[in-house]
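Descriptive structure summary
Spelled out from the first residue to the last, the chains are:
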Amino acid sequence: MDRGTGRGALALSLLLCVFISACATVPADKGVETPDPLESMNRAFFSFNDTLDKAILGPVSRGYVKVTPEPARNGIRNFFDNLGYISVIVNEFLQGKFENGFEGIQRVVFNSTFGLGGLVNFSSAIGIQQRYEDFGETLAVWGVGPGIYLELPFFGPSTSRDMFSIPARTVTGPLFYVDPVISIPLGAVDLVDTRARLESAIRLRDETALDPYIFQREAWLQRRRNMIFDGNPPPEDLEFYAPPPQ
Amino acid sequence: MIGFRKRSECTVLAVVAALILFFAPPMAPAENAKAQDTVDRLHSALIEVMKNADALGFEGRWKTLAPVVTDSYDLAYISEIVLGREWDKISQDDRRQMIDTFTRLTVSTYAARFDGFSGESFRHMEEKPMNRGRMLVRTELVRPADEPVHLDYVLHEKEGQWRIVNVVAEGVSDLSLKRADYGSIIKQEGFKKLLEKLETQIVALRAGA
C-alpha cells in the first residue's frame, strides 16, 4: 500500500470501527464472558469468511506450502515476523513494558542485520524472546473492557475493542510507507503465509466443532484473554460453575 | 481468519492438545495419591502410545487408551458439566447414554490424533490448590521443532483418587469449549441430535485414522 492507498484502507477500517462501536450497546465487562448481541450478523460474516477461505485462500495457501520448501517458508515467516515486530515494540512501550520494548528493538536490529534482513531468526537463536502484543491488548491493559464479540469480514474474530488493532497494525507496519509495487505483492505473500500457519487450526476446528462459529468464538476469546495476561490469567479463569461431586 | 493471526496457530494447536489429552495407564486407588501423579501417569502413557503408534494402529491405540481415559478422567462429571442445564432435564437412560458416547468420543479422539512421535516430552511446572478442593497442575508439552504448549490440568478428588476434570491449553479450556459447542446444538436441535452428531464424529475419527 502506498500512503494514499494505505490511508484509504486505514480510514475505511477506522470508519468500520466507529460504525460498529456506535451501533453496539456495549454491556459492562462480564469478566471472562464477552457478549455476542450481534450473533446473527456475526454468523453471516463467519459464513462469508469461511466460504472465501475454502474457495480461495485455503487452496492457495496449501499450494504455497506444496511448492515452497520448508526452509524457504521459514525464511518468509521470519521476514514477516520481523517486519511486524515494530508494532509489538510500540505496544510494549504503550503498556509500560519498557524492558521488553528495548529488548524488542534489539531483536529487530539483530534480525535485520545479522539475520539477513529478517530472513533468519538470529535473535531467537541467541535467546532474545519473541513476544506478541497488539493495540487491542494495550487497550485492555489500559482498562478498556472487551465490549462485544465481532466477526469482521475478511479479518475474522475480534471484539469492539480489539478491532482497533487493525488500523494500529497498519500504521505501525513498514509496508504502509512503501510503494504499492512492493507493498501489495509482499502483503499478499504475508496473507498466504499467515493462512498457511493457520491450516492445522482451521482443520481442527472443522473436524472437531459441532457449531464451528461457536467453537471459533469461544476458542478465540479465551485465547485472547490469555494473551492479554501474557499467559498468566487470574486463577479464577480456571474455576467453573459446577460444585464438586459429593 | 486473518484476525486469528501469528501466535494463534499455537493457540489452536493447543486446543488440539486439549482435545486430545486423555490418557493414563491403569492405576489403583491410593489413599495418599497426588494430583500430579494422575497427570504424570497420563503423560507417560501418552508418550508410550505415541512411540508405538504405528505398531498399535487405531484399534490398538483405542484399546490401550480406553482404560487409561476412564481411570484418569472423571468423564461422568465432565459429561454433566458440558451438558449444562440440559443434564437436569434428561432421563437417567439419556444420562447413561451421554456418558457412554462422550467416553467413546474422547478415547476415539485421542486414538485418532496421537498417531505418531516426533520427540515430544512433558515437563511438570507446578501444582497448586484451587477453590472447592480442586488442584491445578501446570505442565508443558515440549516439542523439538516448535514452541512448547502450556497445558494446565484441573483435578478433583473422587473416591480417593485425583481425576482430571478439565484441560486448559494455552488459556483455552476444553470444558468451556465443549459446553458452548454442545449447548449451541442442544438449543438449536435438541439433545437427541447432539448424541447423533457425537456418534457421527466417532465414526469419522475411526474412518479417518
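My aim in this report is to walk through the structure given alongside it, one point at a time. (Residues numbered from 1 in each chain as written. Chains lettered and ligands numbered in written order. Predicted model: local features only at pLDDT ≥ 70, side-chain atom pairs only at ≥ 80, totals over all residues. Heavy atoms only, no water.)

Looking at the pattern of salt bridges
Under the definition given, this model contains 37 salt bridges over all chains. B:R113 serves as the salt-bridge partner of A:E207, at 2.9 Å between the closest nitrogen and oxygen. Residue A:E207 is found in helix α10 (residues 199–208), and its partner B:R113 is found in helix α6 (residues 92–113); the two belong to separate chains. With a shortest N-O distance of 2.8 Å, B:R123 and B:E140 are connected by a salt bridge. With B:R123 in strand β1 (residues 121–129) and B:E140 in strand β2 (residues 135–142), this pair connects stretches of sequence that are 17 residues apart. Of the residues examined, B:R123 reaches a relative accessible area of 41% and is grouped as partly exposed. A relative accessible area of 6% means that B:E140 is categorised as buried. In this structure, a network of salt bridges that share partners links the residues A:D36, A:E39, A:R43, A:D211, A:R217 and A:E218. (Salt bridge = Lys/Arg side-chain N within 4 Å of Asp/Glu carboxyl O. Helix = DSSP H or I, 4+ residues; strand = E, 2+ residues; numbered from the N terminus. Buried < 20%, exposed > 50% of the residue type's maximum accessible area, 1.4 Å probe, protein only.)

What about a nonpolar patch on the surface?
There is a patch of nonpolar side chains on the surface, built from A:I86, A:V90, A:L94, A:V141, A:W142 and A:V144 and spanning about 470 Å² of accessible area. Here the nonpolar patch takes 3 residues from helix α4 (residues 85–94) of chain A, the largest share from any one element. (Patch = residues over 30% accessible without salt bridge, like charges linked within 9 Å, V, L, I, M, F, W, Y side chains within 5 Å. Areas by Shrake-Rupley, 256 points an atom, 1.4 Å probe, with all protein chains shown as cover.)

A word on the packing of aromatic side chains
All names here are of chain A. The tally for this structure, following the rule as stated, stands at 13 aromatic pairs over all chains. Ring geometry for F48 and F154: centres 5.3 Å apart, planes at 90°, overall edge-to-face. On the criterion of sequence distance, the pair formed by F48 in helix α2 (residues 39–67) and F154 in the loop between β1 (149–152) and β2 (156–159) is long-range, its members being 106 residues apart. Classification of F48 as partly exposed rests on a relative accessible area of 35%. Feature note: the residues F46, Y149, Y213 and W220 constitute an aromatic cluster, connected by ring pairs. The side chain of R107 reaches across the aromatic face of Y85, ending 5.3 Å from its centre. (Phe/Tyr/Trp six-rings, centres within 6.5 Å; stacked < 30°, edge-to-face > 60°. Lys NZ or Arg CZ within 6 Å of the ring centre and 35° of its normal.)

Re the pairing of β2(B)
All names here are of chain B. The element β2 is extensively covered by neighbouring structure, given that 7 of its 8 residues are classed as buried. Relative to β2, β1 runs antiparallel, the two being bridged by 8 bridges. Counterpart to H124 in the pairing with β2 is T139. Once β1 ends, the chain turns through 5 residues before running back antiparallel as β2, passing R132 with a positive phi of about 60°. Linking β2 back to strand β3 (residues 149–158) in an antiparallel pair, the connection comprises 6 residues. (Pairing = 2+ DSSP bridges.)

Quick look at the sheet that holds β1(B)
Residues and elements named next belong to chain B. Here we have 5 strands laid out as an open sheet, ordered β1-β2-β3-β4-β5, and antiparallel in their pairing. Every interior strand has two partners, whereas the edge strands, β1 and β5 (172–173), have only one. Sheet topology note: the β3/strand β4 (residues 161–169) ladder contains 8 bridges and is antiparallel. Counted as the bridge partner of E157 is W162 from β4.

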